Amino acid sequence: MAELSGKTVRKVAVLMGGPSAEREVSLVSGRACAAALREAGYEVAELEAGPDLSARLVEIAPDVAFNALHGRWGEDGCVQGILEWLRIPYTHSGVLASALAMDKSRAKDVYRAAGLPVVESVLAERARVEAEHVLPPPYVVKPNNEGSSVGVYIVHEAANAPPKLSDAMPATVMVETYAPGREMTVSVLGDRALCVTDIVTTGWYDYDAKYTTGGSRHVVPAQVPDAIRNACLSFALRAHEALGCRGLSRTDFRWNEARGLDGLVLLETNTQPGMTPTSLSPEQAAHCGMSFASLCDWLVRDASCNR
């Protein structure tokens with residue numbers, strides 16, 4: 001059992017599901033975390049987040065809420081605000097950091113202010129994006145406030161016309177210069193950057209590559225020069241701190257080997273990384289000697305309000 005401010009933590013409510021585009025992924029994360037927390041000795045209530053979330057939390061009266069939600073409403077500050085209002089200690093980042101990290105444009109403003117390398121990007125109305133090239137190809141079009149590579153379009157250099165976006169895309173989207181190279185990621189736990197993972201795919205690291213069996217391969221630790229590894233670790237920790245993240249976060253990078261250190265750019269920071277034993281962040285924790293159950297237990301012990 002963990003203790004928070006002298007109180008023994010016995011009951012943990014694992015929040016999962018929710019109404020976002022990442023509902024199914026969240027359910028997988030939540031169930032894995034619930035099993036791990038039971039293994040660690042906690043009484044666990046699995047709570048699928050819906051319109052009655054506040055009432056259910058009052059009814060369950062958990063000592064800690066373990067946030068396993070992904071996507072909008074779960075990692076953009078909304079559910080964090082509910083937990084603050086109810087004064088239930090919770091895991092991961094707080095209201096402000098969650099909202100900042102989820103808003104890709106504002107997160108990039110924070111990165112630039114912290115001296116972190118990012119590619120050029122603009123926000124544009126989807127009608128304009130479909131009518132003309134907002135940036136010179138190659139570029140990427142994606143929602144400004146979704147995760148897990150939901151709704152990502154790559155416009156290649158030889159494209160004759162701008163993309164036609166699905167009806168599910170929002171009215172305003174982010175358009176950013178395409179960053180070629182290797183996809184890498186670093187998790188930060190508390191005040192420590194864990195290690196660098198090289199994500200190997202046959203194409204873009206999209207939703208299917210992330211969540212379909214065999215869609216990608218993780219090389220842990222990444223086989224990269226010391227200067228690149230150290231830069232990734234430093235940049236991830238700086239991004240975590242600049243955004244005001246708490247608990248666990250994961251920052252994604254692209255590295256163009258031909259350009260050396262100048263080819264390393266930061267893409268985004270995820271304040272609610274996937275949480276199954278084979279997800280990127282738990283894999284990195286395992287590489288550093290921390291089991292999945294121990295990682296979940298650490299997050300519960302780190303929980304608080306006023307995050």
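In the block above lies the structure referred to throughout.
Residues numbered from 1 in each chain as written. Predicted model: local features only at pLDDT ≥ 70, side-chain atom pairs only at ≥ 80, totals over all residues. Heavy atoms only, no water.

Check the secondary structure of the chain and you find ten helices and 14 strands. Over its C-alpha trace the chain gives a radius of gyration of 19 Å, about what one expects of a compact globule, namely 19 Å for 307 residues. For the chain, the spread of C-alpha atoms along the three principal axes comes to 60 × 45 × 40 Å. Here the chain holds 307 residues, and 53% of them are scored as buried. A separation of at least 24 residues holds for 70% of the contacts in the chain among residues at least 6 apart in sequence. With the model as given, the accessible surface of the chain reaches about 13100 Å², and the carbon-plus-sulfur share is 51%. Separation between the mean location of the 29 positive side-chain charges and that of the 37 negative ones in the chain comes to 2 Å. (Helix = DSSP H or I, 4+ residues; strand = E, 2+ residues; numbered from the N terminus. Rg over C-alpha atoms; globule rule 2.2 N^0.38 Å. Buried < 20%, exposed > 50% of the residue type's maximum accessible area, 1.4 Å probe, protein only. Contact = heavy atoms within 4.5 Å. Areas by Shrake-Rupley, 256 points an atom, 1.4 Å probe, with all protein chains shown as cover. Lys, Arg positive; Asp, Glu negative; His and termini not counted. Charge placed at Lys NZ, Arg CZ, Asp CG, Glu CD.)

Position of Gly263 relative to the elements: it lies in the loop between strand S13 (248-255) and strand S14 (264-270). Overall, the relative accessible area of 6% leaves Gly263 in the buried class. Expressed as a C-alpha distance, the spacing of Gly263 and Pro180, which sit 83 residues apart in the sequence, is 8.7 Å. Excluding residues that lie within four positions of it along the chain, Gly263 makes contacts with Arg254, Trp255 and Asn256.

At their nearest, the axes of helix H2 (residues 53-60) and helix H3 (residues 78-86) sit 11 Å apart, and the two run at 40° to each other. In this view, H2 runs oblique relative to H3, as classed from their interaxial angle. Crossing geometry of H2 relative to H3 is assigned as right-handed. Residues Leu53, Ser54, Leu57 and Val58 of H2 touch H3, and the partners they reach there are Val79, Ile82, Leu83 and Leu86. In terms of residue class, the contact of H2 with H3 is made up of seven nonpolar, one polar and no charged. (Axes fitted to C-alpha atoms, helices over the stretch in contact; angles between N-to-C directions. Parallel < 35°, antiparallel > 145°, perpendicular 65-115°, else oblique. Left-handed = near helix turned anticlockwise from the far one by under 90°. Nonpolar A, V, L, I, M, F, W, Y, C, P; charged D, E, K, R; others polar.)

Once that is clear, we can look at the pattern of salt bridges. The tally for this structure, following the rule as stated, stands at 18 salt bridges. For Lys108, the salt bridge goes to Glu176, with nearest N and O atoms at 2.5 Å. Here Lys108, found in helix H5 (residues 104-113), pairs with Glu176, found in strand S9 (residues 172-177); they are 68 residues apart in sequence, far enough to count as distant. There is no split in this pair, since Lys108 and Glu176 are both buried. (Salt bridge = Lys/Arg side-chain N within 4 Å of Asp/Glu carboxyl O.)

By secondary structure assignment, the location of Ala236 is in helix H8 (residues 226-243). Apart from the residues within four sequence positions on either side, Ala236 is in contact with Val186, Val188, Thr251 and Phe253.

A sheet is described by the order of its strands in space; here three strands give the open sequence S4-S3-S5, paired in parallel fashion. A strand with exactly one partner marks an edge of an open sheet, and here the two such strands are strand S4 (43-49) and strand S5 (64-67). Within the sheet, the average angular offset between the axes of one strand and its neighbour, ignoring direction, is 30°. Alignment of strand S3 (residues 11-17) against S5, held across four bridges, turns out to be parallel. In the sheet register, Val12 faces S5, and the bridge partner there is Val64. (Pairing = 2+ DSSP bridges.)

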